[in-house]
Amino acid sequence: CREKIEFKGAESKDPLSYRYYDASKVVLGKPMKEWLRFSICFWHTMVGGGGQDPFGAKTLQRPWEDGLEENPMKLAKKRIDVFFCLLQTLGVEYYAFHDFDVAPEGATIEESQKNLKEITEYLLEKQTSTGIKLLWATQNLFSHPRYMNGGMTNPEVDIFCYAATQIKDVMDMNAKLGGLNHVFWGGREGYQSLLNTNIKQECSHMAQMYKMAIQYGKSKGYTAQFLLEPKPREPTKHQYDYDAQTTMAFLAEYGLLGDFKLNIEPNHTTLAGHELEHDIVVSSAYGMLGSIDSNTGDTMLGWDTDQFPMDVMKTTAIMSVVLEQEGGLAPGGLNFDCKVRRESVDPLDLVLGHIGAMDTYAHGLLCAAKMKQDGEMARMVSLRYDSWNSTDIGTKIEAGEATLEDCEAHAKGLVGGEQPKLTSGKQELYEMVRNRYL
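Residues numbered from 1 in each chain as written. Predicted model: local features only at pLDDT ≥ 70, side-chain atom pairs only at ≥ 80, totals over all residues. Heavy atoms only, no water.

### Some points on the nonpolar core
Piece 1. Of all hydrophobic cores here, the largest spans 97 residues; its most connected members are Leu36, Leu90, Tyr95, Phe97 and Leu123.
Piece 2. A per-element tally of this core places helix 12 (residues 348–374) first, with ten residues.
Piece 3. Sequence-distant contacts of Leu123, defined by excluding residues within four places in its chain, comprise Ile80, Phe84, Tyr95, Phe97, Val102, Met173 and Leu177.
Piece 4. In this structure, Trp43, Tyr94, Ala96 and Trp136 belong to the second largest nonpolar core, which totals eight residues. (Core = buried A, V, L, I, M, F, W, Y, C linked by side-chain atoms within 4.5 Å. Buried < 20%, exposed > 50% of the residue type's maximum accessible area, 1.4 Å probe, protein only. Helix = DSSP H or I, 4+ residues; strand = E, 2+ residues; numbered from the N terminus. Contact = heavy atoms within 4.5 Å.)

### Some points on the side chain of Thr315
Piece 1. Tracing the backbone shows Thr315 in helix 11 (residues 312–324).
Piece 2. In contact with Thr315, other than residues within four places in its own chain, are Thr360, Tyr361 and Gly364.

### Comments concerning the sheet that holds strand 5 (residues 38–41)
Piece 1. Pairing is parallel around the closed barrel formed by eight strands, whose spatial order is 5-6-7-8-10-12-13-14. Each adjacent strand pair in this sheet contributes to an overall mean axis angle of 30°, direction not counted.
Piece 2. Of the strand pairs in this sheet, strand 10 (residues 225–228) and strand 12 (residues 260–264) are connected by three bridges, and their pairing is parallel. Its bridge partner lying in strand 12, Phe226 is registered against Phe260. (Pairing = 2+ DSSP bridges. Axes fitted to C-alpha atoms, helices over the stretch in contact; angles between N-to-C directions.)

### Examining the pattern of salt bridges
Piece 1. Per the stated rule, a full pass over the model turns up 18 salt bridges.
Piece 2. Between Arg342 and Asp53 there is a salt bridge, with its nearest N and O atoms 3.8 Å apart. Here Asp53 lies in the loop between helix 2 (42–46) and helix 3 (72–90) and Arg342 lies in the loop between strand 14 (334–336) and helix 12, a separation of 289 residues in the sequence.
Piece 3. Take Asp53: its relative accessible area is 31%, and that puts it in the partly exposed class.
Piece 4. With a closest N to O distance of 3.2 Å, Asp304 and Lys231 form a salt bridge. Pair noted here: Asp304 is in the loop between strand 13 (289–293) and helix 11 and Lys231 is in the loop between strand 10 and strand 11 (238–239), with a separation of 73 residues, a long-range link. Lys231 shares its class with Asp304; the two are buried. (Salt bridge = Lys/Arg side-chain N within 4 Å of Asp/Glu carboxyl O.)

### Some points on unusual backbone geometry
Piece 1. Note the cis peptide between Glu234 and Pro235, where omega equals 10°.
Piece 2. Along the chain, the position of Pro235 falls in the loop between strand 10 and strand 11.
Piece 3. Here the amide bond leading from Ala330 into Pro331 is cis, since omega sits at 5°, within 30 degrees of zero.
Piece 4. Here Pro331 is to be found in the loop between helix 11 and strand 14.
Piece 5. One non-glycine residue, Asp306, adopts positive backbone phi at about 50°.
Piece 6. The residue Lys426 is not glycine, and still its phi comes out positive at about 50°.
Piece 7. With respect to the helices, strands and loops of the structure, Lys426 is situated in the loop between helix 16 (404–412) and helix 17 (427–436).
Piece 8. Given a relative accessible area of 47%, Lys426 falls into the partly exposed group.

### Some remarks on a nonpolar patch on the surface
Piece 1. Judged by side-chain polarity, Val381, Tyr385, Trp388 and Ile397 come together as a nonpolar surface patch covering roughly 350 Å² of accessible area.
Piece 2. Structurally, Trp388 can be placed in helix 14 (residues 387–390).
Piece 3. A residue is classified by how much of its surface remains accessible, and Trp388, at 34% relative accessible area, is partly exposed. (Patch = residues over 30% accessible without salt bridge, like charges linked within 9 Å, V, L, I, M, F, W, Y side chains within 5 Å. Areas by Shrake-Rupley, 256 points an atom, 1.4 Å probe, with all protein chains shown as cover.)

Structure representation (structure tokens):
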């Protein structure tokens, strides 16, 4: 393993150092590392197509894979060795994976289960020797051809049952490894055409799968927090977990709100046509933010580019939300669901990308903490809604005690029967004040 990356301060010009991420620095009563709870994903970091895209072959240089292509189990373990070295080098205490990222999938269920068990033991050894913990595990129900029409929403019951077996296996694996969360991402749980799709039946089947997972978890004493990860499209034309509000509505419809929280990926949020931090704000406002896949996208491209977050303004916005949550993100965290660019072929780029992203979030945390301590933005927002607290009708409406007739009487009673006054939203001022902290 490389030497551990050190904090050298904001003046450092050494790219192999942290300028803002000082893990033990206390921010608003907690060490920085507890607010940030950094995690790295296995798939984009160690598997992820090797830089291949629809227009070209693999480009990334991964010398540790040389000569192991014909031995999937040896290759899997070598990737795990390198991955844990990367975690130790960066000082990251958590990681995340899909089942068949870390273990080779077999030709049968039994062979796959055997491979998963062997890799689980190997991961457990690594966790024990390093102290690194599993933030979450998830099942890949989108890559294999059997899942071309989805796993949980597939029109074929045989494939649904295959997916259920895979979920059960990941729950067993996650439990043995002490995983804190269990993520469901429905990459192919959606449709390509409405002509051949029964939406209600597919969504009901998906809800039934979640209920079976809850039931199995209770029978086994499973303690991991279930998380759903919204995404509007890609690879399907429409995904049922479109965004945070759609996903929460789905959970409410099927009586699952109390059993799930959301894992928000900002790049997915922008694909849904929202501001990058929108789903984080929305899910947190309703007590449903469980974890964040901390990446970003390129607004000039129409797909999920999974880039490292390097915009301090955006990380400040995200950490401002996290700071308002009691306990922060725990038991979730900030999982870097990021991949280096196809042109970034040097293995060292993996280290540099994570250093930059961790520093950007640490910088954002410091900016958000200063903003929270000063309280100016919060006071400005509160003042904007002051009429709801300073008038009888406002407090009556918020208490659920007002009627339409009460509102009519208030409107007619305005001074001189005039129209309500226009009050400036002062967006420009808010942006100016925000920028003082960046």
